[in-house]
Amino acid sequence: MIHQLVYYSRNTVPGGDRQMLTNLREIVSVSQRNNSRNGVTGFLIFDKTWFLQILEGERANVTETYNRIARDGRHSSATIVNVQDIASRSFPNWTMGGALRSPEVQEIYLSHGIGGALDPVRMKSAQILQLSLDLQEFEQAKRQGQRIAS
Ligand SMILES: Cc1cc2nc3c(=O)[nH]c(=O)nc-3n(C[C@H](O)[C@H](O)[C@H](O)COP(=O)(O)O)c2cc1C
């Protein structure tokens, strides 16, 4: 069984688009290093105000990782939306995928009925999961394209 945790939190680091992207890259790169060591996979959505994250792996590892993340000063008010045991990982290929909300993915947000600001307080975990899966697919296709192009 795989333990899966979904939470959201509020970004506390101010800055423009560039700064935001730098922050996200920093978080993702540390996450990839730690998570691969701990057998944790998942996905991180960042829309400048909010973080939405899915963590999956062994229960003890997911719990330890979440507790460490929740203490991070770069965000506040981390709130667990859902925890569940699932048969297999939803994000097996990502020790932590990160998706910054940008015009490029606006269509994906729209297809989930999100035209304006994200409101994670009102989102169900299934919605967060589905949005993450669609963003993951987009990111994967983009990387594939880059590999072919280069
Ligand atoms: C929104 C957010 C998500 C994060 N996600 C992860 C994660 O998935 N895994 C992880 O190890 N650290 C994550 N971090 C970073 C941790 O809070 C912490 O800084 C890091 O794990 C410390 O690693 P170090 O001791 O190797 O420097 C995240 C931080 C933030 C703000």
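Structure shown above.
First, a word on what this report is: a plain description of the structure on this page. These numbers were taken from a predicted model, which means no experiment stands behind them.

1. Details of the site of the ligand
Then, in step 1: Around the ligand lies a shell of 17 residues, among which Ser31, Asn34, Asn35, Arg68 and Asp72 are the nearest.
Then, in step 2: Here an oxygen atom of the ligand sits 3.0 Å away from a polar atom, N or O, in the side chain of Arg33.
Then, in step 3: Arg68 has a polar side-chain atom sitting 2.7 Å from an oxygen atom of the ligand.
Then, in step 4: Here the ligand has 620 Å² of accessible area as a free molecule, and 80% of this is covered by the chains.
Then, in step 5: Of all the secondary structure elements, the ones that give two or more residues to the shell around the ligand are α1 (17-38), β3 (50-57) and α2 (59-70).
Then, in step 6: For the shell around the ligand, the leading source of residues is α1, giving six residues.
Then, in step 7: Classifying every residue of the shell around the ligand gives seven nonpolar, six polar and four charged.

2. So, the pattern of salt bridges
Then, in step 1: Tallying each qualifying case throughout the model produces six salt bridges.
Then, in step 2: Between Asp17 and Lys48 there is a salt bridge; the shortest N-O distance is 2.8 Å. Here the residue Asp17 occupies a position in helix α1, and Lys48 occupies one in the loop between β2 (41-46) and β3, the gap between them amounting to 31 residues.
Then, in step 3: On the basis of relative accessibility, which here comes to 52%, the residue Asp17 falls in the exposed class.
Then, in step 4: Measuring nitrogen to oxygen at the nearest pair gives 3.3 Å for the salt bridge that ties Glu104 to Lys142. With Glu104 in the loop between β5 (97-100) and α3 (106-111) and Lys142 in helix α4 (residues 125-149), this pair connects stretches of sequence that are 38 residues apart.
Then, in step 5: Taking relative accessible area as the criterion, Glu104 reaches 48% and is therefore assigned partly exposed.
Then, in step 6: For Lys142, a relative accessible area of 31% gives the class partly exposed.
Then, in step 7: Connected via shared salt-bridge partners are Glu104, Glu139 and Lys142.

3. A word on the sheet that holds strand β1 (residues 2-11)
Then, in step 1: Strands sit in the order β4-β1-β3-β2-β5 across an open sheet of five strands; the sheet is mixed. This sheet does not close on itself; its edge strands, each paired only once, are β4 (75-86) and β5. Between one strand axis and the next, the sheet turns through 15 degrees on average, direction left out of account.
Then, in step 2: Sheet topology note: the β2/β3 ladder contains six bridges and is antiparallel. Note that in β3 the partner of Phe43 across the bridge is Ile54.

4. Regarding unusual backbone geometry
Then, in step 1: The phi dihedral of Lys48 is positive, around 85 degrees, even though this residue is not glycine.
Then, in step 2: The phi angle at Ser77 is positive, at roughly 55 degrees, despite the residue not being glycine.
Then, in step 3: If you trace the backbone, Ser77 turns up in strand β4.

Thresholds applied
Residues numbered from 1 in each chain as written. Predicted model: local features only at pLDDT ≥ 70, side-chain atom pairs only at ≥ 80, totals over all residues. Heavy atoms only, no water. Near = heavy atom within 4 Å. Polar contact = N/O pair within 3.5 Å; in protein donor to acceptor, adjacent residues only side chain to side chain. Areas by Shrake-Rupley, 256 points an atom, 1.4 Å probe, with all protein chains shown as cover. Helix = DSSP H or I, 4+ residues; strand = E, 2+ residues; numbered from the N terminus. Nonpolar A, V, L, I, M, F, W, Y, C, P; charged D, E, K, R; others polar. Salt bridge = Lys/Arg side-chain N within 4 Å of Asp/Glu carboxyl O. Buried < 20%, exposed > 50% of the residue type's maximum accessible area, 1.4 Å probe, protein only. Pairing = 2+ DSSP bridges. Axes fitted to C-alpha atoms, helices over the stretch in contact; angles between N-to-C directions.

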